[in-house]
Structure formats: structure tokens, C-alpha cells
Amino acid sequence: MNSLHRDRRLYLLLVANLFSSVGTGITMTAVPWLLVQEPDGGTWFGYMSTTMTIIMFLLTPYVGMWIDHMSRKAMLMLGEAMGLVIAAMFALYGMMGTEYHVWHLVILFASGSLYYFLFYPTLFAFTQEVFHPDQYKTLNGIMEIQGQLATVISGGAASLLLTKVPLYSILWLDACTYVVAIVCLFFIPYQRSVRNGDTHSFWMKMTEGYHYMKARPLLFWFLLASFMPFIGVMMTNYLHPIYITDVLKEDSSVYGIQSMIYGIGAALAGLIVPLWLRKIGTEVSITITVFMYAMAMTMFLLVKNTWIFYVLVSLTAFGNAGTRVARSSLMMERIPNGKIGRIDSLFRALGFLIRSILLSVFTGLVSLQHVLIPYAILSGLLIISGLLVLRTGESVKKEQFHLKG
């Protein structure tokens, strides 16, 4: 742990991720809010989110293969450069006095979604490759705290900027943060590790994640069930703006504040859950956090008070972030680095498939003014996931003990 805190690479990585996350976070908070304020904006937002989910689902196997067979540092820097170019182009467009239309907002949200889609799985594999296995638990906790600090900053900044500055100013800020991230990533020492499997066929490379998990069915179901809180967060990113407007009857300030509260709750998870991992174990920690998320999701159906809404947001934040810290540590410890991109992409692909189905259903329900029914569906799915994690967790732990023995 002490060696990690003295590691210059950690701080460069944290600064790079902090700046790019804040810039992109402000934009990705502002754009959905502006979009749902347009006529039929909520429906447009749902259709666009569904389309992007399908596109990312189709691209996921390729991304996993690229992560396992290319320089991960180069991929991270390429993603930052693409974000810089897109943000600067749209900022310049707005500065020329041209009004932004719905399709501009759709493209901005789509590009931000693609940035997250490429950046986070690459960062996950990069950190596993660069740091020592003894550092994974602490590292994942620190990365979660940093990520949620960025969420707090971006949520607070968005709540202030949305009503005071034009969108192009937000995009210029976003572009500047990408520049800082590129410079920090450039100075991180990196030597690509030797990875096996380059002589395999293209199809074998693509399906490596599937074959690896097929031989470990208990681990597969445990990891899939523990992925469901993240899917829940992706769904509430679509549902919460509509819930705030239609159910709570509040304005954009509540949307920005809930983003800040989410960040605080998730940062607490990044601080606390690594301690749980050492005291009660990874599998038990995941079970607790998944059930915490499921409980909070159920409570959204029963309350319509803004302050209680904030409490539930903090609980879902802790549940999702805590699950992610524990799950990431488990995957880093159990899965070889040469396969991590494709195995992680397998779960992301399944997540995209589930999300596309849910978004299609939820968009139709929202268009019919039934915003609470999607929360009920999510509640049921999360309770089932919690029961599945509870059932398979002990077996997964025993399997790991057997492998070590």
C-alpha cells in the first residue's frame, strides 16, 4: 500500500482521469438535461440511448480484442484526442452564433457515450497490467474515490453552469480537460507486457472470453449478477431526469445536486469497501452491496420527497460503487491480464444487450407517462441478482481456495 502511494504513475493516472472525467462529466450532465427540456426530448433521449447501446453492444467484442492486442496507453491517449477534437468542434460551432438543435445534442451525448465505452475497459486492463496484484484492492478503492470526486465536481459545476453560461463554454472547458489528460498519460512510463495468443485465428481471439468463462460457470453467474447494479445506474441516468421533472416537480438544480450526492456516496464506498474486502472477503462484500442497491431501488417506488430521493441516491451510489470496487478486485486477481479485455468485454456486451432491451421497454413506458414502472422492473431485477450472488458466492470462494491449493 505504501509503495503504491509513492508511485508516480498513480498520481499521473489520477490527474489524467480526474480532469477528463470532470470535463466529460459536466458535458454529459448538461446535454441530457438540455435534451429532455426539448419537445419530446425524453422520448428522443430514450431512442438515442437505445441506439447507442445497440451500437456499443456490436462493437464490444472488437474493443475487447483491441485491448488485449494493442498498446493500452496508446488507446487511452487516442480516446482523449478524439474527445478533444469533438468537444472543440462543437464549441467552435456554438461560438459562431449558431443555435444548437436536438440532433447536435444527440451527437454530443453519443460521442460522450463512446468515450466512456472505450476509456473505462481500457483503463481497467491498463491498471491491471501496470500495477502489482498486491495493490489491486487499494488501487480500486483509490480509483473509485477519484472517479467520484470527479462526479461531485462535475455535478456541482453543471448545476451552476447550466443556468449561467452557454453550452459552447462548457464544451471549451471539456476540451481543455482532455489536453491535460493527454499530457499526463504521455508521461506515464509504460512497457507493454508480452501477451500470448497472437497465432490464434481471428474468431478464437474474439471468443476467448466466452470460452474462458464457459469453463467457470459459477464465476460467470456471480460476475454477471454483480454487474446488475451498474446496469441499474445506466438506466437511472435516463430515468432520473424524467423522475425529477415529472414526479418530484423540481428543476435542474436538483439534477445537479443529486449528481454531487451520488459522487459522495460512491466515494465513501471507495474508502470503506477495500477495508471490507480484507475483513469479510470479496464475495460477502459484493453480496452486501448488491442488496443495498436493490433495497434503495425499491424505495424509489414508495417516496416522492426530494430529500428522501437524495438519501436513496446516496445508497444506490454506495451499493454500485462498492460492488464495482470489489468486483474489479476479484476480476483482476482471478483473470489473466492477456485475457482481461475480452472477458471484461463479454460482460459489457451482455450488459449492453440487457440495457438495450430495458431502454426499449422504458422508453415506451415513459412516452405513456408511466415513469415509475421502470423503477419497479429494476427493483425486481436487482432483487433476483442479489439472490443469485448470495447463492453462488460461497461456491466461487471455495473454487478460488481450491485453485490456490
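Conventions used here
- Residues numbered from 1 in each chain as written.
- Predicted model: local features only at pLDDT ≥ 70, side-chain atom pairs only at ≥ 80, totals over all residues.
- Heavy atoms only, no water.
- Helix = DSSP H or I, 4+ residues; strand = E, 2+ residues; numbered from the N terminus.
- Rg over C-alpha atoms; globule rule 2.2 N^0.38 Å.
- Contact = heavy atoms within 4.5 Å.
- Areas by Shrake-Rupley, 256 points an atom, 1.4 Å probe, with all protein chains shown as cover.
- Lys, Arg positive; Asp, Glu negative; His and termini not counted.
- Charge placed at Lys NZ, Arg CZ, Asp CG, Glu CD.
- Patch = residues over 30% accessible without salt bridge, like charges linked within 9 Å, V, L, I, M, F, W, Y side chains within 5 Å.
- Salt bridge = Lys/Arg side-chain N within 4 Å of Asp/Glu carboxyl O.
- Expected span 1.5 Å × (residues − 1).
- Buried < 20%, exposed > 50% of the residue type's maximum accessible area, 1.4 Å probe, protein only.
- Disulfide = S-S within 2.5 Å.
- Phe/Tyr/Trp six-rings, centres within 6.5 Å; stacked < 30°, edge-to-face > 60°.
- Axes fitted to C-alpha atoms, helices over the stretch in contact; angles between N-to-C directions.
- Parallel < 35°, antiparallel > 145°, perpendicular 65-115°, else oblique.
- Left-handed = near helix turned anticlockwise from the far one by under 90°.

(A) Spatial organisation of the overall build of the protein chain. A count of helical and extended segments in the protein chain gives 16 helices and zero strands. For 405 residues, the compact-globule estimate of 2.2 N^0.38 gives 22 Å, and the C-alpha radius of gyration of the protein chain, at 20 Å, lies within 12% of that figure. Taking the principal axes of the C-alpha coordinates as reference, the protein chain spans close to 60 × 45 × 45 Å. Excluding contacts between residues fewer than 6 apart, the proportion of contacts in the protein chain whose partners are at least 24 apart in sequence is 87%. Carbon and sulfur atoms make up 69% of the accessible area of the protein chain, which totals about 17,500 Å². Positive and negative side-chain charges of the protein chain, numbering 27 and 20 respectively, have mean locations separated by a distance of 9 Å.

(B) Main features of a nonpolar patch on the surface. A cluster of nonpolar side chains, contributed by I55, L59, Y62, W66, M70 and L114, occupies part of the molecular surface with about 480 Å² of accessible area. A total of four residues in the nonpolar patch trace back to one element, the largest contributor, which is helix α3 (residues 41-69).

(C) Fine view of helix α6 (residues 136-161). Taking 1.5 Å per residue, 26 residues should reach 38 Å; α6 reaches 36 Å between its end C-alpha atoms and fits that length. The element α6 is largely enclosed, with a buried count of 19 among its 26 residues.

(D) Looking closely at the state of the cysteines. This model, assessed by the stated rule, comprises zero disulfides. With no disulfide of its own, C176 lies closest to C184 among cysteine sulfurs, the gap being 14 Å. Accessibility expressed as a relative area gives 10% for C184, which makes it buried.

(E) Just helix α13 (residues 282-299), in detail. The first and last C-alpha atoms of α13 sit 26 Å apart over 18 residues, in line with the 26 Å expected at 1.5 Å per residue. Of the residues making up α13, those classed as buried are T282, E283, S285, I286, T287, T289, V290, Y293, A294, A296 and M297.

(F) Focus on the packing of aromatic side chains. For the structure shown, the criterion picks out 20 aromatic pairs. Taking 5.8 Å as the distance between ring centres and 55° as the angle between the ring planes, the aromatic pair formed by Y115 and Y116 counts as tilted. Seen from their ring centres, F300 and Y375 are 5.5 Å apart, and the 45° between their planes marks the pair as tilted. Placement of the pair is F300 in the loop between α13 and α14 (306-334) and Y375 in helix α16 (residues 372-404), with a sequence separation of 75 residues. Neither F300 nor Y375 differs from the other in exposure class; each is buried.

(G) Focus on the packing of helix α4 (residues 72-95) against helix α7 (residues 167-186). With their axes 8 Å apart at the nearest point, α4 and α7 run at an angle of 160° to one another. By the criterion of interaxial angle, the relationship of α4 to α7 is roughly antiparallel. Note on packing geometry: the crossing formed by α4 with α7 is left-handed.

(H) The arrangement of the pattern of salt bridges in detail. Applying the stated criterion across every chain, the model contains seven salt bridges. Between R342 and D68 there is a salt bridge whose closest N-O contact spans 2.7 Å. One end of the pair, R342, is in helix α15 (residues 340-367); the other, D68, is in helix α3, with 274 residues separating them in the sequence. Taking the relative accessible area as the measure of exposure, R342 reaches 8% and is therefore buried. Notably, a salt bridge pairs R348 with D344, separated by 2.7 Å at the nearest N-O pair.

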